[in-house]
Amino acid sequence: MANTRLTRLRHTIRDLFDARGVPAADQRLIGYTTGAHALDHLVILSIPLFIPIWIAEFQVTTYELGLLVTLMTGLYGAMALPSGILSDRFGADTVITGFLLLTGGVFLAVPFIDSFAALAVVVALAGVGAGFYHPPALAFISREAEAPSKGFAYHGIGANLGIGIGPLLITAGLAVSDWRTVLGLLAVPLLGFGVLFALRGPSDSNDHTASTHSLGDVLSQLRALVTPVFLGIIAVYVFAGIYYRGTLTFLPQFIDTLSSLPSLDLAGASVGAGQWLYSLILLTGSVGQIAGGHLGERFEIERVLLGVFAATSLALLALGGLSGTAVIGVGLVFGALLFTLAPLQSSLVAKHTPDAGQGIGFGLVFTVNFGIGALGASLAGWLLSSSSYSLLFGVLAVFPLVAAAAVLSVSKTGRPPESHAQ
């Protein structure tokens, strides 16, 4: 019976990919990485739902919780470069399996948390484990997929499923159990999928010539990326990361301040507006992922990014200036715009980075995106401790415009490397 259900699920996924024009050769790769991506973002972006609970239980401030999120996402970003190097050395499939097993193991310790310090240790280690995912997965798709922009887009949908549906399941779980049990149960899908990925997942066919390289060779690869074009790409990731993290960390709390938005009944439990609308906004990001992938195949990447950043700045200003049900519409637009970035930025890196160094290239951009970008959570917490959400969104609206300026610099100076030239 179980095998029959798995077969039906595989056929359903294959039919979906066929209908969307995903090449048959890419489907297994995208299917497995999409599942892993969902779990990676479930770990990282479900954390804001626990913040109100932790504030009450551990008697800490929004600024202190902001620092905790900065610690987690900073370590998440810091692991990106090592994971990219390991991907080039040992294969993306090996590193992705390691991420799943390591992160799952960390959550086994959640039921034993008895202080804010212990919470910080577990959350930080979860950031370390989850940080091993992105560069290997993106280099995997870039190297192996026949249609990488579409691959990036559908891979990105996994993130939205994880951070959209996941919080709804967590909310339902919190209605019948304590937060330690609910958070600790994340170990089950992580460990289970880790075993499945190791036994049945796709293999990275890269020849891994980097595995024979010395530290000096790795440093030479890093120096080769220190160009005006790649520095411009890094700036794009930094400023996008700051407003990404600064907005999402306290978005559920902001929504809860809008008394005109109703609660929902989910499986007999009352779900606050901050929880259901947050989940809906993240689910809407799936539309952005698909749109970004298709736009990236049809138009110049840099031109599309300029439009996305300009629209995002306007959406952030609207979030700070509107109230009531109008926030729902603006929030959904913001969610779509926010996640349009994922396939577009990944395509930007792939366009301007040689195939052999893409593990390191993706590692660098994710290090700055989630490392320096993590400061957005501390910035948001600091602003909210002494000011209003209107000021917060006004400040954050500046960062997409700076990212757009960085895109312009890439557009003016950048040329695809020879490995991408036609």
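Residues numbered from 1 in each chain as written. Predicted model: local features only at pLDDT ≥ 70, side-chain atom pairs only at ≥ 80, totals over all residues. Heavy atoms only, no water.

Q: Just checking my understanding: could you explain the overall build of the chain for this structure?
A: Along the backbone of the chain there are 21 helices and 2 strands. Across the 422 residues that make up the chain, the buried fraction comes to 56%. Within the chain, contacts between residues separated by at least 24 positions form 86% of all contacts whose residues are at least 6 apart in sequence. (Helix = DSSP H or I, 4+ residues; strand = E, 2+ residues; numbered from the N terminus. Buried < 20%, exposed > 50% of the residue type's maximum accessible area, 1.4 Å probe, protein only. Contact = heavy atoms within 4.5 Å.)

Q: Even after reading the chapter, I still don't get empty space enclosed by the protein, so can you show me in this structure?
A: Unfilled space is identified by rolling a water-sized probe across the atoms. Counted according to the given criterion, the structure contains 1 cavity of 30 Å³ or more. Put simply, the largest cavity is a space of about 290 Å³. Forming the walls of the largest cavity are 23 residues, and the residues nearest its centre are L341, A342, Q345, F366 and F370. Looking at the lining of the largest cavity element by element, the count peaks at 7 residues for helix α17 (residues 326–352). (1 Å grid on protein atoms, 1.4 Å probe; cavity = no way out; pocket = protein on both sides within 12 Å on 5 of 7 lines; lining within 4 Å. Points joined across faces, edges and corners; volume = space filled by probe spheres on them.)

Q: What exactly am I supposed to notice about unusual backbone geometry here?
A: Most of the time, phi is negative for any residue but glycine, and the peptide bond is trans. Positive phi, close to 55°, is recorded for Q59, a residue that is not glycine. You can see Q59 is positioned in the loop between α3 (47–58) and α4 (62–78). For Q59, a relative accessible area of 67% gives the class exposed.

Q: Looking at this structure, I do not really get the side chain of H134. What am I missing?
A: With respect to the element layout, H134 can be found in helix α8 (residues 134–144). When sequence neighbours within four positions are dropped, the list of residues in contact with H134 reads H37, D40, H41, Y76 and F366.

Q: What is the right way to look at helix α16 (residues 301–321) in this model?
A: Since there are 3.6 residues in each turn of an α-helix, residues three or four apart along the chain are aligned in direction. An ideal rise of 1.5 Å per residue puts 30 Å on 21 residues; α16 measures up with 31 Å between its terminal C-alpha atoms. Looking at α16, one finds that the buried residues are I301, E302, V304, L305, V308, F309, T312, S313, A315, L316, L319 and G320. Residues of α16 that are buried sit in contact with α13 (228–249), α14 (251–256), α15 (273–298), α17, α20 (389–396) and α21 (398–413). (Expected span 1.5 Å × (residues − 1).)

Q: Can you help me understand the nonpolar core in this one?
A: Of all hydrophobic cores here, the largest spans 122 residues; its most connected members are W54 and F309. No other element matches the 12 residues that α13 contributes to this core. What W54 contacts, discounting residues up to four positions off in sequence, is I47, Q59, V60, L65, L68, L119, V123, W179 and L183. (Core = buried A, V, L, I, M, F, W, Y, C linked by side-chain atoms within 4.5 Å.)

Q: Honestly, the packing of helix α19 (residues 375–386) against α20 in this entry has me stumped. Any pointers?
A: Packed helix pairs are characterised by how far apart their axes lie and by the angle those axes make with each other. At their nearest, the axes of α19 and α20 sit 9 Å apart, and the two run at 145° to each other. Viewed along their axes, α19 and α20 form a crossing whose handedness is right-handed. Together, L379, A380, L383 and L384 of α19 and Y389, L391, L392 and V395 of α20 make up the contact between the two elements. Residue composition of the contact of α19 with α20, by class: 8 nonpolar, no polar and no charged. (Axes fitted to C-alpha atoms, helices over the stretch in contact; angles between N-to-C directions. Left-handed = near helix turned anticlockwise from the far one by under 90°. Nonpolar A, V, L, I, M, F, W, Y, C, P; charged D, E, K, R; others polar.)

Q: Sorry if this is basic, but what is going on with the pattern of salt bridges here?
A: Where side chains of opposite charge bring their charged atoms close, a pairing between them can arise. Under the criterion given, the structure shown has 2 salt bridges. Here R180 ties to E57 by a salt bridge, and the two come within 2.6 Å at their closest N and O atoms. Taken as a pair, R180 in helix α10 (residues 179–184) and E57 in helix α3 lie far apart in primary sequence, 123 residues in all. R180 sits in the buried class, given a relative accessible area of 18%. (Salt bridge = Lys/Arg side-chain N within 4 Å of Asp/Glu carboxyl O.)

Q: Where do I start with the environment of A336 in this structure?
A: Relative to the elements of secondary structure, A336 occurs in helix α17. The class for A336 is buried, based on a relative accessible area of 18%. Each C-alpha atom, one on A336 and one on L283, is 8.5 Å from the other, the two residues being 53 residues apart in sequence. For A336, the contacting residues outside a window of four places in its chain are T284, G285 and G288.

Q: How should a nonpolar patch on the surface be read in this particular structure?
A: Where nonpolar side chains cluster on the molecular surface, the patch consists of Y63, L67 and W382 and spans about 310 Å² of accessible area. Structurally, the position occupied by L67 is in helix α4. Residue L67 is classed as partly exposed on the basis of its relative accessible area of 38%. (Patch = residues over 30% accessible without salt bridge, like charges linked within 9 Å, V, L, I, M, F, W, Y side chains within 5 Å. Areas by Shrake-Rupley, 256 points an atom, 1.4 Å probe, with all protein chains shown as cover.)

Q: When you look at the side chain of T284 in this model, what are you seeing that I'm missing?
A: By the element assignment, T284 lies in helix α15. Setting aside anything within four residues of it in sequence, one finds T284 in contact with L332 and A336.

Q: Would you mind showing me how to read the confidence of the model for the chain here?
A: Interpretation of this model should avoid reading the predicted coordinates in detail wherever pLDDT is low. Chain-level pLDDT for the chain is 80 on average; 83% of the residues reach the 70-or-more range. Every residue in residues 418–422 is under pLDDT 50, and counting partners more than four places away or in other chains gives 8 contacts. (pLDDT = per-residue confidence, 0-100.)

Q: Teacher, can you tell me more about the packing of aromatic side chains here?
A: Any pair of aromatic rings gets described here by the distance separating the centres and the angle formed by the planes. Within this structure, the stated rule accounts for 13 aromatic pairs. Where W54 meets W179, the ring centres are 5.7 Å apart and the plane angle is 75°; that geometry is what we call edge-to-face. Residue W54 is found in helix α3, and its partner W179 is found in helix α10; the two are separated by 125 residues along the sequence. When sorted by exposure, W54 lands in the same class as W179, which is buried. Note on F99 and Y133: the rings are 5.3 Å apart at their centroids and 55° apart in plane angle, and the pair reads as tilted. Taken as a pair, F99 in helix α6 (residues 92–107) and Y133 in the loop between α7 (116–130) and α8 lie far apart in primary sequence, 34 residues in all. The exposure classification of F99 matches that of Y133, with both residues buried. Ring pairs connect the aromatic residues F50, W54, F58, F116 and W179, which therefore count as one cluster. (Phe/Tyr/Trp six-rings, centres within 6.5 Å; stacked < 30°, edge-to-face > 60°.)

Q: Would you mind showing me how to read the packing of α16 against α20 here?
A: Taken N-terminus to C-terminus, the directions of α16 and α20 make an angle of 175°; their axes are 8 Å apart at the nearest point. What the angle tells us is that α16 and α20 run roughly antiparallel. Note on element contacts: α20 touches α16 through S390, F393, G394 and L396, opposite L316, L317, L319 and G320. Residues of the contact of α16 with α20, tallied by class, amount to 5 nonpolar, 3 polar and no charged. (Parallel < 35°, antiparallel > 145°, perpendicular 65-115°, else oblique.)

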